[in-house]
Structure formats: C-alpha cells, structure tokens
Amino acid sequence: PGVATDAAQAQVSPAKFVLGLAAVLCFYTALSGVWTFIQQIGTAAGIDAGTSAVVLSIATVAGIASALIATLWGDTPHRTRFLLGGYLAMALSIGLLFAGPAVLRFAIAAIVFKFAWTFILPYLLSALSDLGSGGHVMNTTNLMIGSGIVVGPLLGGILIDGSGGAFGPMLTVSFVGVLASLTLVLASRPAHRSRRRPES
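Here is what the cut-offs are and how they apply
Residues numbered from 1 in each chain as written. Predicted model: local features only at pLDDT ≥ 70, side-chain atom pairs only at ≥ 80, totals over all residues. Heavy atoms only, no water. Core = buried A, V, L, I, M, F, W, Y, C linked by side-chain atoms within 4.5 Å. Buried < 20%, exposed > 50% of the residue type's maximum accessible area, 1.4 Å probe, protein only. Helix = DSSP H or I, 4+ residues; strand = E, 2+ residues; numbered from the N terminus. pLDDT = per-residue confidence, 0-100. Contact = heavy atoms within 4.5 Å. Polar contact = N/O pair within 3.5 Å; in protein donor to acceptor, adjacent residues only side chain to side chain. Phe/Tyr/Trp six-rings, centres within 6.5 Å; stacked < 30°, edge-to-face > 60°. Patch = residues over 30% accessible without salt bridge, like charges linked within 9 Å, V, L, I, M, F, W, Y side chains within 5 Å. Areas by Shrake-Rupley, 256 points an atom, 1.4 Å probe, with all protein chains shown as cover. Salt bridge = Lys/Arg side-chain N within 4 Å of Asp/Glu carboxyl O. Expected span 1.5 Å × (residues − 1). Bend = angle between axes of the 7 residues up to and from the residue.

Draft legend 1. Broad picture of the nonpolar core. Core analysis: the largest hydrophobic core is formed by 49 residues, its most contacted members being F27, Y87, M90 and L124. Those elements that place two or more of their residues in this core are α2 (14-44), α3 (49-73), α4 (79-96), α5 (103-129), α6 (135-162) and α7 (168-187). It is α5 that provides the largest number of residues to this core, a total of 14 residues.

Draft legend 2. Local environment of the confidence of the model for the chain. In the predicted model, the chain carries a mean pLDDT of 86, and the fraction of residues at 70 or more is 86%. The weakest mean pLDDT in the chain belongs to helix α1 (residues 2-10) at 43; the strongest belongs to α7 at 96. Contacts of residues 1-10 to residues separated by more than four positions or lying in other chains number 14 contacts, the stretch itself having pLDDT below 50. Considering only residues more than four positions removed or in separate chains, one finds that residues 193-200, a stretch of pLDDT under 50, has 15 contacts.

Draft legend 3. Looking closely at the side chain of T29. If you trace the backbone, T29 turns up in helix α2. We classify T29 as buried; its relative accessible area is 15%. Engagement of the side chain of T29 in a polar contact is seen with the backbone oxygen of L25, the distance being 2.8 Å. Leaving out residues up to four positions away in the same chain, T29 has contacts with G148, V151 and G152.

Draft legend 4. Main features of the packing of aromatic side chains. For the coordinates displayed, the defined rule picks out 9 aromatic pairs. With a centroid separation of 5.9 Å and an interplanar angle of 75 degrees, the aromatic rings of W35 and W117 are classed as edge-to-face. Residue W35 is found in helix α2, and its partner W117 is found in helix α5; the two are separated by 82 residues along the sequence. Classification of W35 by relative accessible area gives partly exposed; the value is 22%. Take W117: its relative accessible area is 12%, and that puts it in the buried class.

Draft legend 5. Representation of a nonpolar patch on the surface in the model. Nonpolar side chains collect at one region of the surface, where V150, V151, L155 and V173 lie side by side and expose about 290 Å² of accessible area between them. Ranked by the residues each element gives to the nonpolar patch, the list is headed by α6, at 3 residues. As for its placement among the helices and strands, V150 is situated in helix α6.

Draft legend 6. α5, seen in detail. Here α5 is 27 residues long and its end C-alpha atoms lie 39 Å apart, about the 39 Å a rise of 1.5 Å per residue gives. L121 marks the point of greatest bend in α5, at about 30 degrees, and the proline P122 comes within the next four residues.

Draft legend 7. Region of the structure containing the side chain of T141. Examined against the element boundaries, T141 turns out to sit in helix α6. Beyond its immediate stretch of four places on either side in the chain, T141 contacts L21, V24, L125 and L128.

What follows is the structure, encoded as structure tokens:
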C-alpha cells in the first residue's frame, strides 16, 4: 500500500507541477525586489539610516521566529489557510510601503513582510513536494528560487530607474507578483491529496 501511495503521488499532472514552479518564481521575484530596495524606500521617505537598520534587524528576528513557528507546526491540514494568510499579509505589507511611509508604517511593513516571507516558504515548498518526487523536484525548485533572486532586483532596478527614482512601479509589480504566486500555488494543488495507508 505504501508503494501504491507513492506511485499515486508521482502521477500528479506535470502541468500542475509547472504551475507550482511558476508560483515559486513569482514569489521570489516579488520578495527579492522589495527586500533589496526596502532600505532605500525608507531613506526616500525621510527615515534615517540608523532607524532603518534597527527596523530591518527586528524584521530579521521576526523572520527567524516565523520560520521556527512553521517548523514546529510542521505538515498540517491547515496548510492552505496558512498559505493564504501568509500571502495576504505579505501583500498588505507591500501596500504599506507605498507613498513614502512614516517610521511606524515602515516598521510594520518590514516586520510583517519578513515574518510572512519565512512563514510562507516551508508550506510553499511542501506544496511543491506534493506535485512530484525525486531529485528533479528540488533541482527545478532551486532553479526557480535562484532565478527569482536574480530577476527580482534586476527588474526592480529597471522599474525604479525608468520611473525617475520612484518606487511605486516596482512595488506594484511586486504586489501583483505575490498575488500571482498565491493564485498559481492554489491552482497547482492536486485534486485529491493522497492519504498514507499503513504499510503491511
């Protein structure tokens, strides 16, 4: 029975696996663009470098805490809800960065952003693992992660430069990228998740 379950998991539609990979690419493109330029967003809003550095340090601690929480909870039947909540929190945090945020709004945005980022990631990768098995899953997933880390700052820099130093277009693209990633990961879910049977 255990072998049969594994075989069923391996037969998930390749199209859904592609959707899952696209979700990872959109996720990392969006987050790496914002995180690369987040200190510059604060500087442009009149927040001094020291305050910005403290805020980002606190945000990093929040990210560590959220990763620990996700690890402790582990695999859960509420994964879809956690993904939905995390994605919406990340989108909200990007929204808070528009229009030159004051210190408090900047701090909330940075902390929520980093918390949501590292909270989403384990559940996103877990969703990918449902769509295939073997080394190709992690290899292609890592390729998407690396591509997003490269494309995000590059695209962000082009958008910022093209808008005369304004951050709005970059934030808009990142906001859309987060929602696109959420849509793709939900669309990639198998119609029926296999239940493990006890091995005989």
